[in-house]
Amino acid sequence: MEDLFGAGADNDDESEELPATPHSLRGPSDARWMASQRSPLAVRMRPRTLDDVVGQQHLLGHGSPLRQLAAGAEAAGPAGPSSVILWGPPGTGKTTLAHVIARGPGRKFVELSAITAGVKDVRRVMDEALTARDLYKKTTVLFLDEIHRFNKAQQDALLPGVENRWVVLVAATTENPSFSVVSPLLSRSLLLTLKPLTDDDIAGLLQRAVADARGLAGRVELSPEAMDHLVRLSGGDARRALTALEAAAGVAFGDSTAVGPSAPAGTDAVPEEDGDAEESGDAEATNDAEAINDGEPGLANDGAPDAPVLVELRHTERALDAAAVRYDRAGDQHYDVASAFIKSIRGSDVDAALHYLARMLEAGEDPRFVARRIVISAAEDIGMADPTALQTAVAAAQAVQLIGMPEGRIVLAEAVVHLATAPKSNAAYMGLNKAVADVRAGFGGGIPMHLRDAHYPGAKQLGHGKSYKYAHDEPHGVATQQYPPDDLVGKDYYQPTNNGAERDIAARLERLRKIVRGE
């Protein structure tokens, strides 16, 4: 069956002029295979059925909404197709699933990209869908890629068609729909979350691409080291994995060509016995014709093909020299990585904290944002267990402002190591939260008279400042007197831990409270 998503087409015209090919591609069938490679490998390897889809099995069970959509007019049961929003990281199969659904019988498939489409395009699709439904009994599936790029007005234009099922919307987004898709559209659609592919998923996909006729057709072989490298580079992104494989194969083919063309069968390596070059040429033409007739049209199937080109680790390293950093400064990854960063510091895992620091910086995150998070963590999570942590954090933030990047990353790393390895206490933070809760609950009446401001004329006549004890005049610089409002006397907000410097603070605080309260 012809590949709807590839560029190759059946063509048995052997009289056409063929371009020059590398030493490993010598027959007409080889040239046609080369011509079929104009589409990217990721496009050529796009699955044609849901059973071919790698990963996302939690969404592909029998009777699932995606199964019903893919079944098209043959779907069983009284329920009609539901519009869906596919949310997941890049390369997890959103576009692939849409194209599989497009193959369902009795369906008209329309694809729009929110990057280039507008309200006018949406309304045109709705009008055509209504016509197709009423006149031709066909359901229109509208695949809208990057729906998060549509503004509110553009998304609102989809509502009548989705609500009345003029179209079945299949929308794809890499950003959290709760923030990027309007509520009315969310309520009319099913939200399906796609997960990053596992390493095994990616490895299986690469092996399939190497062997499949639509892919590299067995012309390359992956070394175990190259396979591991490609899997690691992919970061769970199938498209990136296939793109990297194609690039590495190109490097490997380039190296094999640079070594020099191999000798054609029957020449140089084996002396000719009769010197009849014309007969030799006829024999080669016969072999090429047999290869085309015996194999799938457009694919190589020579009687004596060259050995597959080995793709080694050095080829993958030259093709791609850095792993993809999945990070979106304006999306979920921004908050997810930052959250993991702070929680790693709080959990005293210095290695994980450094990893997330590197991940943010390598993705281009503003170092000032990172510095601010470090300052907050120093006060919230380390607190009085190590009061110097806040000093280090503030100094790091100021240093980043002063020297900039890339040297600023060194300062940030020092601060992260200090915080992650420091003793932890959130007692000050929790004490504040308790005090805030009491204030919001209405506790804390009038301020004691002796603590009120007495500097303005007439204040003393009101009793302000009367009987106030100046702490420096008292033994140890601590005065016995009431400081909180009457309804909060004896209330303890700050409860120091036994971690770090707070061990000494706890004993000192107990003595201070006894003196202040006159106990």
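Undergrad: Hey, could you go over helix 16 (residues 350–362) for me, with residue numbers and the actual values?
TA: Here helix 16 spans 18 Å end to end across 13 residues, near enough to the 18 Å set by a 1.5 Å rise per residue. Where helix 16 is concerned, the buried positions are Val350, Ala353, Leu357, Met360 and Leu361. Each buried residue of helix 16 lies within a common arc of 95° when the element is viewed along its axis, so the set occupies one face. Turned more than 90 degrees away from the buried face of helix 16 sit Asp351 and Glu362, all of them exposed.

Undergrad: If you had to explain the side chain of Lys94 to someone new, which residues and values would you point to?
TA: Within the element layout of this structure, Lys94 appears in helix 4 (residues 94–102). Although buried, Lys94 forms no salt bridge, and the nearest oppositely charged side chain, Asp145, lies 6.6 Å from it.

Undergrad: Could you give an account of a negative patch on the surface, naming the residues involved and the relevant values?
TA: A grouping of Asp199, Asp200, Glu225 and Asp228 is seen on the molecular surface, where their side chains present a negatively charged patch. Those elements giving two or more residues to the negative patch turn out to be helix 10 (199–211) and helix 11 (224–234). Along the polypeptide, Asp228 turns up in helix 11. Asp228 gets classed as exposed once you look at its relative accessible area, which sits at 53%.

Undergrad: Can you explain the packing of helix 16 against helix 17 (residues 367–382)? Please cite residues and give values.
TA: At a closest axis distance of 10 Å, the pairing of helix 16 and helix 17 adopts a crossing angle of 155°. Of the possible angle classes, the one that applies to helix 16 and helix 17 is roughly antiparallel. When you trace helix 16 past helix 17, the crossing you get is right-handed. Where helix 16 approaches helix 17, its residues Leu357, Met360 and Leu361 are matched on the opposing element by Pro367, Phe369 and Val370. Among the residues forming the contact of helix 16 with helix 17, the class breakdown is six nonpolar, no polar and no charged.

Undergrad: Quick rundown of the sheet that holds strand 4 (residues 167–173)? Include the residues and the values.
TA: An order of 2-3-4-1-5 is seen for the five strands of this open sheet, with the pairing classed as parallel. The strands lining the two open edges of the sheet, one partner per strand, are strand 2 (107–113) and strand 5 (190–193). Strand-to-strand twist across the sheet, computed as the mean angle between neighbouring axes with direction ignored, equals 20°. Pairing between strand 1 (residues 84–87) and strand 5: four bridges, direction parallel. Following the sheet pairing, Trp87 is matched in strand 5 by Thr193.

Undergrad: Help me get a handle on helix 18 (residues 388–403), residues and values and all.
TA: Relative to the 22 Å expected for 16 residues at 1.5 Å per residue, helix 18 spans 22 Å between its end C-alpha atoms, a close match to the ideal helical length. Taken residue by residue, helix 18 has Ala389, Thr392, Ala393, Ala396, Ala397 and Val400 as its buried positions. Angular distribution of buried residues about the axis of helix 18 spans 135°; they occupy a single face of the element. Of the exposed residues in helix 18, the ones pointing more than 90 degrees away from its buried face are Gln391, Gln398, Gln401 and Leu402. Structurally, helix 18 contributes buried residues whose contacts are with helix 17 and helix 19 (408–421). Trailing helix 18 by a residue or two, Gly404 shows a phi angle of about 70°, which is positive.

Undergrad: Break down the nonpolar core for me, citing the residues and quoting the values.
TA: One finds Ile202, Leu206, Val220, Leu222, Leu242, Leu245 and Val311 to be the most contacted residues of the largest nonpolar core, which totals 28 residues. When contributions to this core are tallied by element, the ones reaching two or more residues are helix 2 (41–44), helix 10, strand 6 (220–222), helix 11, helix 12 (238–259) and strand 7 (309–311). Ignoring any residue separated from it by four or fewer positions in sequence, one finds Leu242 in contact with Leu41, Ala42, Met45, Leu205, Leu206 and Ala209. By size, the runner-up hydrophobic cluster in this structure holds 25 residues, among which are Leu361, Ala396, Ala415 and Ala422.

Undergrad: Let's hear about the packing of helix 18 against helix 19: which residues, and what values?
TA: Helices that pack against each other are described as a pair by the angle of their axes relative to one another and the distance between those axes. Between helix 18 and helix 19, whose axes approach to 9 Å, the crossing angle comes to 170°. As summarised for this structure, helix 18 and helix 19 are arranged roughly antiparallel, according to the angle between their axes. Here Thr388, Ala389, Thr392, Ala396, Ala399, Val400 and Ile403 of helix 18 come into contact with helix 19, specifically with Gly408, Val411, Leu412, Ala415, His418 and Leu419. Its residues placed into classes, the contact of helix 18 with helix 19 shows nine nonpolar, four polar and no charged.

Undergrad: An account of the side chain of His315 is requested, with residue identities and associated values reported.
TA: Position of His315 relative to the elements: it lies in helix 14 (residues 313–319). Here the side chain of His315 touches Asp255 through a polar contact of 3.2 Å, side chain to side chain. Excluding its chain neighbours within four sequence positions, the residues that come into contact with His315 are Ala248, Val251, Ala252, Asp255 and Leu310.

Undergrad: Account for unusual backbone geometry, naming residues and giving values.
TA: Following Met405, the chain continues to Pro406 via a peptide bond in cis, the omega torsion being 10°. In this fold, Pro406 is placed in the loop between helix 18 and helix 19. The phi dihedral of Gln56 falls on the positive side, at around 60°, and the residue is not glycine. Secondary-structure assignment places Gln56 in the loop between helix 2 and helix 3 (65–71). Taking relative accessible area as the criterion, Gln56 reaches 5% and is therefore assigned buried. The phi dihedral of Arg165 is positive, around 60°, even though this residue is not glycine. Considering the arrangement of structural elements, one finds Arg165 in the loop between helix 7 (159–163) and strand 4.

Cut-offs applied
- Every chain's residues receive numbers from 1 upward, in the order its sequence appears when written.
- Note on the predicted model: pLDDT of at least 70 is required for a residue's local features to be given, and 80 or more for side-chain atom pairs to be given and counted; whole-chain, interface and lining totals, by contrast, use all residues.
- Side-chain numbers here rest on the full set of heavy atoms in the structure, without hydrogens or water.
- By the criteria applied, helices consist of DSSP H or I runs no shorter than four residues and strands consist of E runs no shorter than two, each listed in order from the N terminus.
- A helix is expected to span 1.5 Å for every residue after the first.
- Note on exposure labels: buried denotes an accessible area under 20% of the residue type's maximum, exposed denotes more than 50%, and partly exposed covers the range between, all computed with a 1.4 Å probe on protein chains only.
- Regarding the arc, it is the one traced by the directions from the helix axis to the C-beta atoms.
- Under the convention used here, Asp and Glu are negative, Lys and Arg are positive, and both His and the chain ends fall outside the count.
- Only one rule defines a salt bridge in this text: a Lys or Arg side-chain nitrogen within 4 Å of an Asp or Glu carboxyl oxygen.
- Like charges are joined within 9 Å and nonpolar side chains (Val, Leu, Ile, Met, Phe, Trp, Tyr) within 5 Å, but only among residues with over 30% relative accessible area and no salt bridge; these make up the patches.
- Here the Shrake-Rupley method, with its probe set to 1.4 Å, supplies the accessible areas, and only the displayed protein chains count as covering residues.
- By convention, charge coordinates are those of NZ in Lys, CZ in Arg, CG in Asp, or CD in Glu.
- Interaxial angle, 0 to 180 degrees, is taken between N-to-C directions of lines fitted to C-alpha atoms, where a helix line uses only the stretch in contact.
- Every angle not falling under 35 degrees, over 145, or within 65 to 115 is termed oblique; those three ranges are roughly parallel, roughly antiparallel and roughly perpendicular.
- A crossing counts as left-handed when the near helix is turned anticlockwise from the far one by less than a right angle, and as right-handed when that turn is clockwise.
- What makes two residues a contact is simply this: any of their non-hydrogen atoms within 4.5 Å.
- Classes in brief: Ala, Val, Leu, Ile, Met, Phe, Trp, Tyr, Cys and Pro nonpolar; Asp, Glu, Lys and Arg charged; the others, Gly included, polar.
- Strands are treated as partners if at least two bridges between them are detected by DSSP.
- Joining through side-chain atoms within 4.5 Å is the link that ties buried Ala, Val, Leu, Ile, Met, Phe, Trp, Tyr and Cys residues into a set, and such a set is a nonpolar core.
- We define a polar contact as two N or O atoms separated by no more than 3.5 Å, with the added condition that, inside protein, one atom must be a possible hydrogen donor and the other a possible acceptor, whereas residues neighbouring each other in sequence contribute only through side-chain atom pairs.

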